[in-house]
Amino acid sequence: MVEWTDAERSAITGLWGKISVDEMGPQALARLLIVFPWTQRYFASFGNLSSPAAIMGNPKVAAHGKVVMGGLDRAVKNLDNVKATYAQLSKLHSEKLHVDPDNFVLLADCITVCAAMKFGPSAFTPDVQEAWQKFLCVVVAALRRQYH
Amino acid sequence: MSLSDKDKSLVKAFWAKVAPKAEIIGHDALYRMLSVYPQTKTYFSHWPDMSSGSAPVKNHGKKIMGGLAEAVAKIDDLVGGLLTLSELHAFQMRVDPANYKILAHCILVVLAVYFPDDLTPEVHLAFEKFLANVALAMSDKYR
């Protein structure tokens, strides 16, 4: 079981409370597809991903970004049981979507960069980054869990 | 994943913007690496003080940014340009090369907090590639 200190809980929920899923989801997913272009392999049906501008303007990318970020909301609301909360999602990514789990870390890094850009040095302090990184590691581990 | 001419010019232009804040960035990135990835502290066990604002962290942050500045200047031949640094880290300090990726991520996060308007997706891509190539050059002499 993951142990969260009160400071970590409040850093994570505090940050999440100020994040707009509809705003950051599309940004983070677009950055994933731009900065790590091999991740585009999972989105062949999304249409035009041929340039950063195309990716950032692509409505399917934006819509899916919201879905992915929305998934994180469940983790924030179930900090003491992310593994169980994500069991079905993990199976889905492994058995249906066949996503290489190394990609989860890449998306986590993009989300972190987006959060850093949004919150700046006074809010995204080293302590907050530490709690946020721990949270994302737990999320990634839970998503990897059902891979066989 | 080698650097295109466009990558190089984006890196140089971005570096010109961030260089004036190099000391703050270096200290902040190094401190974040030590706190968020505490296993990296093992390389600095000889430091009397690892806290935020401490002299060892400030000084070493400055050195790191100096190394990066050199890398930007020698962007056309990173392996050659960083040869001495690679040998130093390989044979004397014996830093596990996986840690370069960790520090690169922390540098990127600090650049994101201080330069959100400049870290466009294209610049993010170019700089991330640059840091990955620096990591490779730093690992070059290991074995």
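To start, this report covers the structure provided alongside it. (Residues numbered from 1 in each chain as written. Chains lettered and ligands numbered in written order. Predicted model: local features only at pLDDT ≥ 70, side-chain atom pairs only at ≥ 80, totals over all residues. Heavy atoms only, no water.)

1. Points about the overall build of chain A
Along chain A, the regular secondary structure elements total eight helices and zero strands. The linear arrangement of helices and strands in chain A, starting from the amino end, is α-α-α-α-α-α-α-α. For 148 residues, the compact-globule formula gives about 15 Å, and the C-alpha radius of gyration of chain A, at 15 Å, lands near that figure. Dimensions along the principal axes, computed over C-alpha positions, put chain A at roughly 45 × 40 × 20 Å. A separation threshold of at least 6 residues defines the contact pool for chain A, and within that pool the share at least 24 residues apart is 73%. As displayed, chain A offers around 7100 Å² of accessible surface, 56% of which is attributable to carbon and sulfur atoms. Side chains of chain A give 15 positive and 13 negative charges; the mean places of these two sets differ by 8 Å. (Helix = DSSP H or I, 4+ residues; strand = E, 2+ residues; numbered from the N terminus. Rg over C-alpha atoms; globule rule 2.2 N^0.38 Å. Contact = heavy atoms within 4.5 Å. Areas by Shrake-Rupley, 256 points an atom, 1.4 Å probe, with all protein chains shown as cover. Lys, Arg positive; Asp, Glu negative; His and termini not counted. Charge placed at Lys NZ, Arg CZ, Asp CG, Glu CD.)

2. Regarding the overall build of chain B
For chain B, the count of helices and strands is seven helices and zero strands. In chain B, the succession of helices and strands from N to C terminus is α-α-α-α-α-α-α. For chain B, the C-alpha radius of gyration of 15 Å lies close to 15 Å, the compact-globule estimate for 143 residues. Along the longest, intermediate and shortest principal axes, the C-alpha atoms of chain B span 45 × 35 × 20 Å.

3. Let's talk about the interface of chain A and chain B
On the side of chain B, 22 residues touch chain A, which itself brings 20 residues to the contact. Between chain A and chain B the total buried area reaches about 2000 Å² when both faces are included, carbon and sulfur atoms providing 69% of it. Along the contact surface separating chain A from chain B lie zero salt bridges. Summed over the shared surface of chain A and chain B, the number is five residue pairs in polar contact (both at pLDDT 80 or more). (Buried area = accessible area lost by both parts, 1.4 Å probe. Salt bridge = Lys/Arg side-chain N within 4 Å of Asp/Glu carboxyl O. Polar contact = N/O pair within 3.5 Å; in protein donor to acceptor, adjacent residues only side chain to side chain.)

4. Overview of the nonpolar core
Core analysis: the largest hydrophobic core is formed by 100 residues, its most contacted members being Leu72(A), Phe124(A), Trp132(A), Phe135(A), Phe127(B) and Phe130(B). Setting aside residues up to four positions removed in sequence, Phe135(A) forms contacts with Trp4(A), Ile12(A), Leu72(A), Ala75(A), Val76(A) and Leu79(A). (Core = buried A, V, L, I, M, F, W, Y, C linked by side-chain atoms within 4.5 Å. Buried < 20%, exposed > 50% of the residue type's maximum accessible area, 1.4 Å probe, protein only.)

5. Notes on helix H2 (residues 22-36) of chain B
Between its first and last C-alpha, H2(B) extends 21 Å over 15 residues, near the 21 Å set by a 1.5 Å rise per residue. When you tally the buried positions in H2(B), you get 13 out of 15 residues, the bulk of the element. (Expected span 1.5 Å × (residues − 1).)

6. Notes on the layout of surface pockets
Computed from the structure, the largest pocket encloses a volume of approximately 930 Å³. What lines the largest pocket is a set of 39 residues, and nearest its centre among them are Phe36(A), Leu106(A), Asp109(A), Lys101(B) and Glu128(B). Breaking the lining of the largest pocket down by element, the ones donating at least two residues are helix H2 (21-35), helix H7 (102-123) and helix H8 (126-144) of chain A together with helix H6 (98-114) and helix H7 (121-139) of chain B. The dominant element in the lining of the largest pocket, judged by the number of residues it contributes, is H7(B), at nine residues. Tallied by class, residues from the lining of the largest pocket come to 25 nonpolar, seven polar and seven charged. (1 Å grid on protein atoms, 1.4 Å probe; cavity = no way out; pocket = protein on both sides within 12 Å on 5 of 7 lines; lining within 4 Å. Points joined across faces, edges and corners; volume = space filled by probe spheres on them. Nonpolar A, V, L, I, M, F, W, Y, C, P; charged D, E, K, R; others polar.)

7. Let's talk about the side chain of Gln129(A)
Considering the arrangement of structural elements, one finds Gln129(A) in helix H8. Using a relative accessible area of 0% as the deciding quantity, one classes Gln129(A) as buried. What Gln129(A) contacts, discounting residues up to four positions off in sequence, is Phe124(A), Arg32(B), Val36(B), Cys106(B) and Val109(B).

8. A word on unusual backbone geometry
A positive phi angle, close to 50°, is found at His98(A), a residue other than glycine. Structurally, His98(A) can be placed in the loop between helix H6 (87-96) and H7. Residues other than glycine seldom take positive phi values, yet Arg94(B) does so here, at roughly 50°. One can find Arg94(B) in the loop between helix H5 (83-92) and H6. Taking the relative accessible area as the measure of exposure, Arg94(B) reaches 61% and is therefore exposed.

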